[in-house]
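# Understanding the architecture of this molecule
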Amino acid sequence: MKTYKYETHLHTSQGSLCGRTDGADYIGAFFNIGYSGIFVTDHFFGGNTAAPHEGRWKDRVDVYCSGYEAAFAKAQVFNKEKGLTGTDKEFKVFFGIEQTFDGDDYLIYGLDKNWLYDHSEVETMSHEELFDAVNREGGLMIQAHPFRMRGYIRAIHLHPRDVHGVEIYNAGNRAFENDLAEHYAREYDFPMTSGSDIHNVDFIPPAEGKLNIGGMEFDTPIKDVYDYAERIKNKEGKILR
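Residues numbered from 1 in each chain as written. Predicted model: local features only at pLDDT ≥ 70, side-chain atom pairs only at ≥ 80, totals over all residues. Heavy atoms only, no water.

### Remarks on the overall build of the protein
Looking only at helices and strands, one finds six helices and ten strands in the protein. Taking 241 residues into account, the globule formula puts the C-alpha radius of gyration at 18 Å, and the protein, at 17 Å, falls close to it. In terms of principal-axis extent, the alpha carbons of the protein reach across some 45 × 45 × 35 Å. The buried share of the protein, reckoned over its 241 residues, is 52%. Across the protein, the fraction of contacts at a sequence separation of at least 24, relative to all contacts at a separation of at least 6, is 71%. For the protein, the distance from the average position of its 26 positive side-chain charges to the average position of its 39 negative side-chain charges is 5 Å. (Helix = DSSP H or I, 4+ residues; strand = E, 2+ residues; numbered from the N terminus. Rg over C-alpha atoms; globule rule 2.2 N^0.38 Å. Buried < 20%, exposed > 50% of the residue type's maximum accessible area, 1.4 Å probe, protein only. Contact = heavy atoms within 4.5 Å. Lys, Arg positive; Asp, Glu negative; His and termini not counted. Charge placed at Lys NZ, Arg CZ, Asp CG, Glu CD.)

Below you can see the structure in the form of structure tokens.
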């Protein structure tokens, strides 16, 4: 039976200061290893963003969203050239956000560019305020790699009241960090997700075929970010490791 795999945690050079790959360059690479789509989740203004920290709000948002928009535009051309448009094989690109507080990161699905235009206060929202905003839009808030420890992360912070679920597999984590995340999610009965946290297209194996570098797998195609949010909240999908 055909299944549909989606990368849920991805960074571009346009939106993330640590990104090394143009959003457009991910499309063919992920398609070639059997993925049906990607979520672009660049670092937002609380984290390592490539967008300016000063200036007109709209201009800052435009820069932030440019990696997603490059990937989305490329996917439209790619699908047309491959004859995939309108079929269940169409490669999809979805918009997401990775917001950072005090070293703890959250993947947000369901707040789009127009929402950002209208809500400049999002930049200074607390965990609880952001979670409430995401809930009002029918979106999803996932704590990314909650037990990651690096030199730039001063401490582990958990906010179980302010998330819908936990990323239990992150390809950039050490195995024990993923194991701790899974234990945390199971103890709180949270929905669980997986993502590669890719910053460079070279992380994808060059060979064509069905390979996994993280993400979620479903029996039917994802329609939009709200469909994805509901599936995760309902604990649907397979974790890819």
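What follows continues from the structure just given.
### Regarding the confidence of the model for the protein
A residue-level look at the protein finds 99% of positions with pLDDT of 70 or above and a mean pLDDT of 96. Mean pLDDT values over the elements of the protein span from 96, in helix 1 (residues 27–32), up to 99, in strand 3 (residues 92–95). (pLDDT = per-residue confidence, 0-100.)

### Some remarks on the sheet that holds strand 9 (residues 215–218)
In spatial order, the strands read 3-2-1-9-10; together these five strands make up an open sheet with mixed pairing. Sheet topology places strand 3 and strand 10 (238–240) at the edges, where each strand pairs with a single neighbour. Each strand axis lies, on average, 25° off the axis of its neighbour in the sheet, ignoring direction. Against the sheet, helix 2 (residues 57–82) contacts strand 2 (35–40) and strand 3, and its axis sits at roughly 165° relative to strand 3. (Pairing = 2+ DSSP bridges. Axes fitted to C-alpha atoms, helices over the stretch in contact; angles between N-to-C directions.)

### Quick word on the pairing of strand 9
For a regular strand, the rule is simple: side chains alternate between the two faces of the sheet. The alternating pattern of strand 9 places Gly215 and Glu217 on one face and Met216 and Phe218 on the opposite face, and all of these are buried. Inspection of the sheet shows strand 1 (residues 4–10) paired to strand 9 by three bridges, in the antiparallel sense. Bridge pairing in strand 9 places Lys5 opposite Glu217.

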